[in-house]
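# Working through the structure, step by step
Take a look at the letters that make up each chain.
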Number of protein chains: 2
Amino acid sequence: MGKSPHSKMKIVIIGAGNVATHLSQALSKQNEILQIYSRNISNAEILCSKINGANPINKLQDIRKDADFYIISIKDDAISQVVEQIAHINDSAIWVHTSGSVPMDVFEDKVKNYGVFYPLQTFSKNVELDFNEIPLFIEASTTEAAEKIKTLARTIVKKVYDADSKTRKQMHIAAVFACNFANHLWTIADDILAEKNLPFDVLMPLIKASVEKIGQVPPKDAQTGPAARNDLKVIGEHLKQLSGDNKQIYQMLTDSIIKHNNE
Amino acid sequence: MGKSPHSKMKIVIIGAGNVATHLSQALSKQNEILQIYSRNISNAEILCSKINGANPINKLQDIRKDADFYIISIKDDAISQVVEQIAHINDSAIWVHTSGSVPMDVFEDKVKNYGVFYPLQTFSKNVELDFNEIPLFIEASTTEAAEKIKTLARTIVKKVYDADSKTRKQMHIAAVFACNFANHLWTIADDILAEKNLPFDVLMPLIKASVEKIGQVPPKDAQTGPAARNDLKVIGEHLKQLSGDNKQIYQMLTDSIIKHNNE
């Protein structure tokens, strides 16, 4: 992969969900995945079948004590309890979880070298993606842990950032606006088109072009449309066609665009 | 191109802006562009240099009278006046404009066969795009005009839809939500990231994945995030971090997602 020399890390993956699936496959290219744990053994087996040398387990007490890294990639609510049960087995390894929302201190007083290893992407087990392009956010308890986590991160991605819990939360809020809320606007657009029996497909070329544009210029500079032009005639006509929540959303986002333009 | 047999249409293009540029290049593959008019002769010359046989003109009185199609692709405000000045030269041809907002009746009482030929896409002169994928919306004054316009449309795109002025307006509102407003949410996300000195780039893989998803499932089914999960704890934490317009927008879109989920 043209990366700097790197001694293979021995890794145990706790979890076989969407993140664990993509992460373990990416990591296995330049590292050694010893085991993959899942409460449901068949999930662990399916994932291990794609990874050379990895053994599926479904009992926490079967976890090997000789790994360099323990990566916990399970539901947010379950992380603390699993850490409680297993962190004692190896105090010299690096322990990380992959959650954007759980603070790093879930490991505090359990092990010395720990941190967070958070890939900012939405994962589906059966959808291939280019892991290399995903930004990875790192937090660590010690300088030693930070260095080792970053070295590991660079075996699978190009972009590694430092991010403490506050920064991860801020990033999550940004992602809610950029993805969850944008998706909801697409739902509203779909409803509006459906009133005229038009398929959502008709908007896809326009949406794709909008995304391509913000890959090239900052979104503020990419803004177009009646609000950006302060075209009160068109805005008024649109508001006349809308009602309820959609009308309020149209008004509020239009006002916000106009304010941003005047800043 | 594997399309059904089609006798080459002789076309005059009025305008040399973004839409005219892409449209005339796409049309020239299976049709004959006679002339391209622009008030600024050098714009017409630049465009004609890319199109075999097309002649640049900058005087309306130089427009040839023997075309099958006259396509007016200029600023909305200027259409009516140009129609007034030139439509008398050929009453047996088909006359169309390419605007999403201008009603078809701008041609009324000037010519018999007329209509609208509206490609739903955002165009930039120097950005290549696959015209074939763009949905084209058609309106026509007569059955004869409708058939000829559709035949011409099918020489350049795969998807042709009927859309009267009301439908085009509705579509424009949908596009404002799906593109202009989505872009504004990306601007807000950029502002939020900037507070932690993070570049907007970190969100691009997530945004691209969101767009890929709505190419496969309806946006309503693609909705994820705290609002979709009705995760009041996370929503509350996010609202605490926000203020002003962004807080109101977060609250309003969250409420709207929750309502949609309960429909």
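Provided above is the structure to which this section pertains.
What counts, and at which threshold
- Residues numbered from 1 in each chain as written.
- Chains lettered and ligands numbered in written order.
- Predicted model: local features only at pLDDT ≥ 70, side-chain atom pairs only at ≥ 80, totals over all residues.
- Heavy atoms only, no water.
- Helix = DSSP H or I, 4+ residues; strand = E, 2+ residues; numbered from the N terminus.
- Rg over C-alpha atoms; globule rule 2.2 N^0.38 Å.
- Contact = heavy atoms within 4.5 Å.
- Expected span 1.5 Å × (residues − 1).
- Bend = angle between axes of the 7 residues up to and from the residue.
- Buried < 20%, exposed > 50% of the residue type's maximum accessible area, 1.4 Å probe, protein only.
- Buried area = accessible area lost by both parts, 1.4 Å probe.
- Salt bridge = Lys/Arg side-chain N within 4 Å of Asp/Glu carboxyl O.
- Polar contact = N/O pair within 3.5 Å; in protein donor to acceptor, adjacent residues only side chain to side chain.
- Pairing = 2+ DSSP bridges.
- Axes fitted to C-alpha atoms, helices over the stretch in contact; angles between N-to-C directions.

Moving on: the overall build of chain A. Along its length, chain A carries nine helices and eight strands. The C-alpha atoms of chain A give 23 Å as radius of gyration, which overshoots the globular expectation for 263 residues (18 Å, by more than 25%). In terms of overall dimensions, chain A has C-alpha extents of about 70 × 40 × 40 Å along its principal axes. In chain A, of all internal contacts separated by at least 6 residues, the share reaching a separation of at least 24 is 51%.

Residues and elements named next belong to chain B. Look at helix 5 (residues 165-194): 42 Å from first C-alpha to last across 30 residues, which is about the 44 Å you get at 1.5 Å a residue. Val176 marks the point of greatest bend in helix 5, at about 35°. Helix 5 sits mainly inside the fold: 24 of its 30 residues count as buried.

This brings us to the interface of chain B and chain A. The interface of chain B with chain A comprises 79 residues on the first partner and 79 residues on the second. Of the roughly 7700 Å² buried between chain B and chain A on both sides combined, carbon and sulfur atoms contribute 72%. On the chain B side of the contact with chain A, Gln170, Phe177 and Phe181 of chain B bury the most area, a combined 9% of that side's loss. Run the count over chain B and chain A and you get four salt bridges. With a closest N to O distance of 3.7 Å, Glu237 of chain A and Lys169 of chain B form a salt bridge. Our enumeration of links across chain B and chain A arrives at 28 residue pairs in polar contact (both at pLDDT 80 or more). Taken together, the elements giving at least two residues each to the side of chain B that touches chain A come down to helix 5, helix 6 (204-214), helix 7 (219-222), helix 8 (232-241) and helix 9 (244-261) of chain B.

This paragraph deals with the sheet that holds strand 1 (residues 10-14) of chain A. Residues and elements named next belong to chain A. Within the open sheet, the eight strands sit side by side as 3-2-1-4-5-6-7-8. Their pairing is mixed. Two strands lie at the open edges of the sheet, namely strand 3 (55-57) and strand 8 (160-162), each paired on one side alone. Here the strands of the sheet are splayed against their neighbours by 25° on average, with no regard to which way each runs. Across five bridges, strand 1 lies against strand 2 (residues 32-37) in parallel orientation. Bridging across to strand 2, Ile13 finds its partner in Ile36.

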